[in-house]
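Below are the chains, spelled out letter by letter.
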Amino acid sequence: MSTHPEVQIAAGKSVDDVLTAFRGSVNQPGTIFSTEHWLVPKLDQLKRLLTDPITEDEAQALLDVLHQRHWMRDLLDWLDKRPVSWADFFTYRDNLKQEDLRKAADERERRRAAGLDPYLNFKLVPDDFHPKLSDACPDCGSSDWKPIGYGLPTEDGIEDARRGHYVLGGCVLQDAKRYCLACFNRWPTKPNMKKPTGRPEWVERKVAETRSEYAELSALADQPPSPEEPHVERAWARIDGRVSFLVSFGGKKARVTKSLQYSRLGGAPEYDANVLGICDPRDVCKMCDLAALAVVRFERTHEPEKHNLYNDWDIVQAHWRAFDRRWDGESYRRERVREKRQKLSRLLKLARSVPEKLPRVFSLRSDGNPKVYRVRFPWGVARVRSYTWQSELPDYDCRDLCRKAEDAELAGDLACAAVMLYEFPKLAGTSS
Ligand SMILES: [Zn+2]
């Protein structure tokens, strides 16, 4: 280590000197970790992309990478296109990405408006596959509900949720399909008739906990209510003994669920509150406590209404039983084979009519099924996935196509056709 990298990596220095200094400065305290195996190809790329001598902007970018403020891949990306200065590059790229996300979401809106599936453009399941759930909330009767989406959402999915097409339901897949915006009910839900499971000492501790928490709540409910305490608007009982309460704090609302899991083992009821639309966690805790207290007080004077015992769960069960009885797997399979055959013959026709427009297949990544091919068009690269399911006909799908193509749909078909001919070269030879 002779001098600081800042001295050698500066505007006006020659590319060779700068890259030598860069190579000498890695793996020092505060600089990037690197192996020769990783670094040498990157330096080759840099040598090709940097101006000679280097500019002020380039020097700053190289130092940012060296001192771990940005990634090497971002530097190479910037040098390759140089749409704006290094300082503005990240905002510029974020804006482009947001723009792309918005465009994709607009396209899904268009498909929705046309009555098509916004994500898939083929029909997988018959119309009556999904059970018919009630269109009004089974608790409050409101028709102001949204479908629930589970799992980690993609960026496109987040955009759709932001536009209000569905609500995010968390990572764990649950039974509930719909979410009421008026009373925060989710339906359908399965009645929980089971006793709690777990290690006996753990269950025992939990039973004791529920008892002491309930005793605390009862003691508080003996006191006169504080002015902040909310009031219970309505309550709904379930067949398994749970009761849901809709609690109102003036403008804000909360939903409290009373569950009896541990009561069956000698414990006390538990009250879980959900307050929505409040960001400060301290406020949420306080409101949850007040909501549970209001519910306990309410229970002393009211018998919660006994209605809505099924919450659509029986409808769902009946639907699946009936569906299983009449489901004809064989005809479903035949229908799918017919659809695939039509698609493949359309692709083959296309491939034979404009063979000069087909992109070149240049890479294949295969860890079984599906295989992922990459094809090169004059305007860029696209990925095609090839599936074969249980010795059926292959299926090609090109979803994440670069939006640089003038006609994205045609480009997708061309990419699929090219991969089909790559997998079955004999098809190209026979002329129709
Ligand atoms: Zn509701």
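Basis of the calculations
- All chains use their own residue numbering, which begins from 1 and follows the written sequence.
- Reporting in this predicted model follows two pLDDT cut-offs: at least 70 for local features of residues, and 80 or more for side-chain atom pairs to be given and counted; totals over whole chains, interfaces and linings ignore these cut-offs and use all residues.
- As a convention, hydrogens and water are excluded, and side-chain values are obtained from all of the structure's heavy atoms.
- Each helix corresponds to a stretch of at least 4 residues labelled H or I by DSSP, and each strand to a stretch of at least 2 residues labelled E; elements are numbered beginning at the N terminus.
- We compute the radius of gyration over the C-alpha atoms and compare it with the globule rule, which gives 2.2 Å times the number of residues raised to the power 0.38.
- The buried label applies to any residue whose accessible area, calculated with a 1.4 Å probe on protein chains only, is under 20% of its type's maximum; exposed applies above 50%, and partly exposed to all values in between.
- Contacts are assigned to residue pairs with any non-hydrogen atoms lying within 4.5 Å of each other.
- Each accessible area is a Shrake-Rupley result for a 1.4 Å probe, and residues are judged covered by the shown protein chains and nothing else.
- When charges are counted, Lys and Arg contribute as positive and Asp and Glu as negative, whereas His and the chain ends are disregarded.
- For the purpose of locating charges, the reference atoms are NZ of Lys, CZ of Arg, CG of Asp and CD of Glu.
- Here the rule is simple: two strands pair whenever DSSP picks up at least two bridges between them.
- In this description, a line fitted to the C-alpha atoms serves as the axis of each element, helices being fitted only across the stretch in contact, and the angle between N-to-C directions of two axes falls anywhere from 0 to 180 degrees.
- N or O atoms closer than or at 3.5 Å make up a polar contact, with two conditions inside protein: a donor-capable atom paired with an acceptor-capable one, and, for residues adjacent in sequence, both atoms drawn from side chains.
- Side-chain atoms within 4.5 Å link the members of a nonpolar core, which is a set of buried Ala, Val, Leu, Ile, Met, Phe, Trp, Tyr and Cys residues.
- Any N, O or S atom lying within 2.8 Å of the metal counts as a donor, with the limit raised to 3.2 Å for Na, K and Ca; because water is left out of the atom set, some sites can appear incomplete.
- Note on geometry labels: four donors, all angles 85 to 135 degrees, give tetrahedral; four donors become square planar and six octahedral when opposite donors are over 155 degrees apart and every other angle is between 65 and 115; remaining cases are irregular.
- When a carboxyl oxygen of Asp or Glu is within 4 Å of a side-chain nitrogen of Lys or Arg, the pair counts as a salt bridge.
- What goes into a patch is any residue over 30% in relative accessible area without a salt bridge, connected to like charges within 9 Å or, for nonpolar side chains (Val, Leu, Ile, Met, Phe, Trp, Tyr), within 5 Å.
- In this document the domain limits rely on a domain assignment from an automatic tool or a database.

Asker: How do you make sense of the overall build of the protein when you look at a structure like this?
Answerer: Across its full length, the protein holds 13 helices and 12 strands. Expected size for 432 residues packed as a compact globule is a radius of gyration near 22 Å; at 31 Å, the protein overshoots this value by more than 25%. With the C-alpha coordinates aligned to their principal axes, the bounding extent of the protein is approximately 85 × 70 × 45 Å. Relative to its full complement of 432 residues, the protein shows a buried share of 37%. Restricting the contact set of the protein to residue pairs at least 6 apart, pairs at least 24 apart contribute 57%. Accessible surface computed for the protein: about 26400 Å², of which carbon and sulfur atoms make up 54%. Computed over 70 positive and 67 negative side-chain charges, the inter-centroid distance for the protein is 5 Å.

Asker: Got a minute to help me understand the sheet that holds strand E5 (residues 231-237) in this structure?
Answerer: Strand pairing in a sheet takes place through backbone hydrogen bonds and is either antiparallel or parallel in direction. Strand order across the open sheet formed by 4 strands is E5-E6-E7-E8, with antiparallel pairing between neighbours. If you trace the sheet from one side to the other, it starts and ends with E5 and strand E8 (270-275), each paired once. Geometrically, the sheet is characterised by an average inter-axis angle of 20° between neighbouring strands, direction not taken into account. Judged from the 6 bridges that link them, E5 and strand E6 (residues 243-249) form a sheet pairing that is antiparallel. Residue Val232 lies in a different strand from E6, and its bridge partner there is Val247.

Asker: What am I meant to see in the side chain of Glu299 here?
Answerer: Within the fold, Glu299 resides in helix H9 (residues 281-301). Only 2.6 Å separates the side chain of Glu299 from the side chain of Lys258, close enough to count as a polar contact. If near-sequence neighbours (up to four positions away) are discounted, Glu299 is found in contact with Phe245, Lys258 and Tyr271.

Asker: What is the right way to look at the nonpolar core in this model?
Answerer: If you look at soluble globular proteins, the nonpolar side chains tend to sit buried side by side. Ile9, Phe22, Leu46, Leu50, Ile54, Leu62 and Leu75 are the most contacted members of the largest nonpolar core, which totals 28 residues. Elements supplying a minimum of two residues to this core: helix H2 (15-25), helix H3 (36-49), helix H4 (56-66), helix H5 (72-81) and helix H6 (86-113). Aside from chain neighbours lying at most four places away, what touches Leu75 is Leu46, Ala61, Leu62, Val65 and Trp86. With 25 residues, the next largest nonpolar core counts Val375, Ala382, Val419 and Met420 among its residues.

Asker: Before we go on, may I ask you to explain the coordination of the zinc ion in this structure?
Answerer: Each donor-metal-donor angle would ideally measure 109.5 degrees in four-coordinate tetrahedral geometry, or 90 or 180 degrees in six-coordinate octahedral geometry. On the protein side, the zinc ion has Cys137 (SG), Cys140 (SG), Cys180 (SG) and Cys183 (SG) as donor atoms, found 2.3 Å from it. Each of the 4 donor atoms around the zinc ion contributes to a set of angles spanning 105 to 112°, which defines the coordination as tetrahedral. Taken in chain order, the donor set of the zinc ion reads C-x2-C-x39-C-x2-C. A relative accessible area of 3% places Cys137 in the buried class.

Asker: Would you mind showing me how to read H4 here?
Answerer: Given 3.6 residues per helical turn, the α-helix brings residues three or four places apart onto the same face. With 8 of its 11 residues buried, H4 lies for the most part within the structure. Those residues of H4 that sit buried are Glu58, Ala59, Ala61, Leu62, Leu63, Asp64, Val65 and Leu66. For H4, the secondary structure elements touched by its buried residues are helix H1 (5-8), H2, H3, H5 and H6. A positive phi of about 65° marks Gln68, the residue just after H4.

Asker: How do you make sense of the pattern of salt bridges when you look at a structure like this?
Answerer: Opposite charge on two side chains lets them pair, provided their charged atoms get close. Applying the stated rule across the entire model yields 35 salt bridges. Ionic pairing is found between Glu155 and Lys97, a salt bridge with its closest N-O pair at 3.3 Å. Pair noted here: Glu155 is in helix H7 (residues 155-162) and Lys97 is in helix H6, with a separation of 58 residues, a long-range link. Residue classification places Lys97 among the partly exposed residues on the basis of a relative accessible area of 41%.

Asker: What's the story with a negative patch on the surface in this structure? I'm lost.
Answerer: A cluster of like negative charges, contributed by Glu209, Glu213, Glu216 and Asp289, occupies part of the molecular surface. When residues of the negative patch are assigned to their parent elements, the largest contribution, 3 residues, is made by helix H8 (residues 200-222). Position of Asp289 among the secondary structure elements: in helix H9. Under the relative-accessibility criterion, Asp289 is labelled exposed at 53%.

Asker: Where do I start with the sheet that holds strand E3 (residues 178-180) in this structure?
Answerer: With respect to topology, 4 strands assemble into an open sheet ordered E2-E1-E3-E4, the strand pairing being mixed. What marks the edges here is a single partner per strand, and that holds for strand E2 (167-168) and strand E4 (186-187). Here E3 pairs with E4 via 2 bridges, running antiparallel. The residue bridging Tyr179 from the neighbouring strand is Arg186, located in E4.

Asker: Honestly, the domain arrangement of the protein in this entry has me stumped. Any pointers?
Answerer: As assigned here, the protein comprises domain 1 (5-82), domain 2 (145-187), domain 3 (200-301) and domain 4 (329-429). Taking the mean C-alpha position of each, domain 1 and domain 2 sit 45 Å from one another.

Asker: What's the story with the pairing of strand E10 (residues 371-377) in this structure? I'm lost.
Answerer: Regular strands place side chains that alternate from one sheet face to the opposite one. Note: strand E9 (residues 360-366) against E10, 6 bridges, orientation antiparallel. What sits directly across from Val361, in E10, is Val375. Here E9 hands over to E10 after 4 residues, with Gly368 in that stretch at a positive phi of 95°. The pairing of E10 with strand E11 (residues 380-388) spans 7 bridges and is antiparallel. If you follow Arg374 over to E11, its bridge partner there is Arg383.

Asker: What should I look at first to understand the environment of His319 in this one?
Answerer: With respect to the helices and strands, His319 occurs in helix H10 (residues 313-326). The buried category is assigned to His319, whose relative accessible area is 16%. With 258 residues separating them along the chain, His319 and Ala61 place their C-alpha atoms 61 Å apart. Contacts of His319, omitting those with residues within four sequence positions, involve Asp128, Phe129, His130, Pro131 and Lys132.

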